[in-house]
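# Structural overview for review
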Amino acid sequence: QIFFLKHLYHARQIRNRILECFERASNPYISKFERNRLLSFIVVGGGPTSCEFTTELYDFLRQDVIKWYPDLAGDIKVT
(Lines give C-alpha, C1' and ligand atoms only; values in the text may rest on other atoms or scores of the structure.)
Protein backbone atom coordinates (compact mmCIF):
# COMPACT_ATOMS: atom_id res chain seq x y z
CA GLN A 1 0.00 0.00 0.00
CA ILE A 2 1.24 3.50 -0.80
CA PHE A 3 1.09 6.38 1.70
CA PHE A 4 2.04 10.01 1.31
CA LEU A 5 3.33 12.25 4.06
CA LYS A 6 2.01 15.76 3.48
CA HIS A 7 -0.58 16.18 6.22
CA LEU A 8 -1.10 15.04 9.79
CA TYR A 9 -3.82 12.60 8.78
CA HIS A 10 -1.28 10.87 6.49
CA ALA A 11 0.94 10.22 9.52
CA ARG A 12 -2.04 8.80 11.39
CA GLN A 13 -2.89 6.52 8.46
CA ILE A 14 0.70 5.25 8.39
CA ARG A 15 0.73 4.62 12.15
CA ASN A 16 -2.58 2.78 12.03
CA ARG A 17 -1.44 0.63 9.11
CA ILE A 18 1.81 -0.27 10.88
CA LEU A 19 -0.08 -1.35 14.00
CA GLU A 20 -2.51 -3.33 11.84
CA CYS A 21 0.44 -5.14 10.23
CA PHE A 22 1.83 -6.07 13.63
CA GLU A 23 -1.57 -7.23 14.81
CA ARG A 24 -1.94 -9.48 11.77
CA ALA A 25 1.67 -10.71 12.02
CA SER A 26 1.17 -11.74 15.64
CA ASN A 27 -1.38 -14.38 14.62
CA PRO A 28 0.28 -17.73 15.46
CA TYR A 29 -1.27 -19.41 12.40
CA ILE A 30 0.21 -17.02 9.84
CA SER A 31 2.99 -18.29 7.56
CA LYS A 32 6.58 -17.11 7.96
CA PHE A 33 6.44 -15.68 4.43
CA GLU A 34 3.33 -13.62 5.25
CA ARG A 35 4.82 -12.45 8.58
CA ASN A 36 7.95 -11.25 6.79
CA ARG A 37 5.82 -9.46 4.19
CA LEU A 38 3.76 -7.72 6.86
CA LEU A 39 6.82 -6.59 8.82
CA SER A 40 8.87 -5.26 5.88
CA PHE A 41 8.61 -1.50 5.50
CA ILE A 42 10.01 0.33 2.46
CA VAL A 43 10.44 4.10 2.33
CA VAL A 44 10.83 5.59 -1.15
CA GLY A 45 12.48 8.95 -1.69
CA GLY A 46 15.82 10.48 -0.83
CA GLY A 47 14.84 13.95 0.31
CA PRO A 48 15.03 15.28 3.85
CA THR A 49 11.46 14.21 4.67
CA SER A 50 12.12 10.63 3.63
CA CYS A 51 15.37 10.46 5.57
CA GLU A 52 13.77 11.87 8.70
CA PHE A 53 10.72 9.64 8.32
CA THR A 54 12.87 6.51 7.96
CA THR A 55 14.70 7.36 11.18
CA GLU A 56 11.46 8.07 13.03
CA LEU A 57 9.89 4.88 11.69
CA TYR A 58 12.85 2.80 12.85
CA ASP A 59 12.73 4.43 16.31
CA PHE A 60 8.96 3.93 16.55
CA LEU A 61 9.29 0.25 15.67
CA ARG A 62 12.30 -0.47 17.90
CA GLN A 63 11.36 1.65 20.92
CA ASP A 64 7.57 1.60 21.04
CA VAL A 65 5.94 -1.13 18.98
CA ILE A 66 8.44 -3.77 20.07
CA LYS A 67 7.23 -3.36 23.66
CA TRP A 68 3.81 -4.63 22.56
CA TYR A 69 5.13 -7.33 20.20
CA PRO A 70 8.54 -8.48 21.54
CA ASP A 71 8.30 -11.88 19.81
CA LEU A 72 8.29 -10.16 16.39
CA ALA A 73 11.50 -8.15 16.94
CA GLY A 74 13.61 -10.37 14.71
CA ASP A 75 11.24 -10.10 11.74
CA ILE A 76 11.15 -6.30 11.34
CA LYS A 77 12.85 -4.82 8.27
CA VAL A 78 13.04 -1.15 7.28
CA THR A 79 14.54 -0.27 3.88
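Scroll up for the structure.
In short, a report on the structure. (Residues numbered from 1 in each chain as written. Predicted model: local features only at pLDDT ≥ 70, side-chain atom pairs only at ≥ 80, totals over all residues. Heavy atoms only, no water.)

### Things to note about the overall build of the protein
Heads up, the condition is: The helix count covers DSSP runs of H or I at least four residues long, the strand count covers runs of E at least two residues long, and both are numbered beginning at the N terminus. Radius of gyration means the value over C-alpha atoms here, while the globule rule gives 2.2 Å times the residue count to the 0.38 power. The buried label goes to any residue with under 20% of its type's maximum accessible area, the exposed label to any with over 50%, and the partly exposed label to all in between, with areas taken from a 1.4 Å probe on protein chains only. In what follows, residue pairs with any heavy atoms lying within 4.5 Å of each other are defined as contacts. Note that accessible areas follow from Shrake-Rupley with a 1.4 Å probe, and for residues the cover is restricted to the protein chains shown.
The number of helices and strands found in the protein is three helices and two strands. Tracing the protein from N to C terminus, the helices and strands come up as α-α-β-α-β. For 79 residues, the compact-globule estimate of 2.2 N^0.38 gives 12 Å, and the C-alpha radius of gyration of the protein, at 13 Å, lies within 12% of that figure. Based on the C-alpha atoms only, the size of the protein along its principal axes is roughly 40 × 20 × 20 Å. Across the 79 residues in the protein, those meeting the buried criterion constitute 32%. Considering only intrachain contacts with a sequence separation of at least 6, the fraction spanning at least 24 residues in the protein is 48%. By element, 57% of the accessible surface of the protein is carried by carbon and sulfur atoms, the whole surface being about 5700 Å².

### What to know about the environment of W68
By the secondary structure assignment, W68 is in helix α3 (residues 48-68). Assessed through its relative accessible area of 52%, W68 is described here as exposed. Sequence separation of W68 and E52 is 16 residues, and the distance between their C-alpha atoms is 24 Å. Beyond its immediate chain neighbours, meaning those up to four positions away, W68 contacts R15 and L19.

### What to know about the packing of aromatic side chains
Definition in use: Ring geometry is summarised as follows: Phe, Tyr and Trp rings, the Trp one being its six-membered ring, pair when their centres sit within 6.5 Å, and such pairs are stacked at plane angles under 30 degrees, edge-to-face over 60 and tilted between the two.
The tally for this structure, following the rule as stated, stands at two aromatic pairs. Look at F22 and F41: their rings are 6.3 Å apart centre to centre, the planes differ by 15 degrees, and that puts the pair in the stacked class. Here F41 lies in strand β1 (residues 40-41) and F22 lies in helix α1 (residues 8-25), a separation of 19 residues in the sequence. Accessibility classification places F22 together with F41 in one group, the buried group. Pairing F22 with Y69 gives two aromatic rings, centres 5.5 Å apart and planes at 35 degrees, and the pair type is tilted. Taken together, the positions of F22 in helix α1 and Y69 in the loop between α3 and β2 (77-78) put the pair 47 residues apart, joining distant regions of the chain. Summarising the burial analysis for this pair, F22 and Y69 share the class buried. An aromatic cluster of at least three residues, connected via ring pairs, comprises F22, F41 and Y69.

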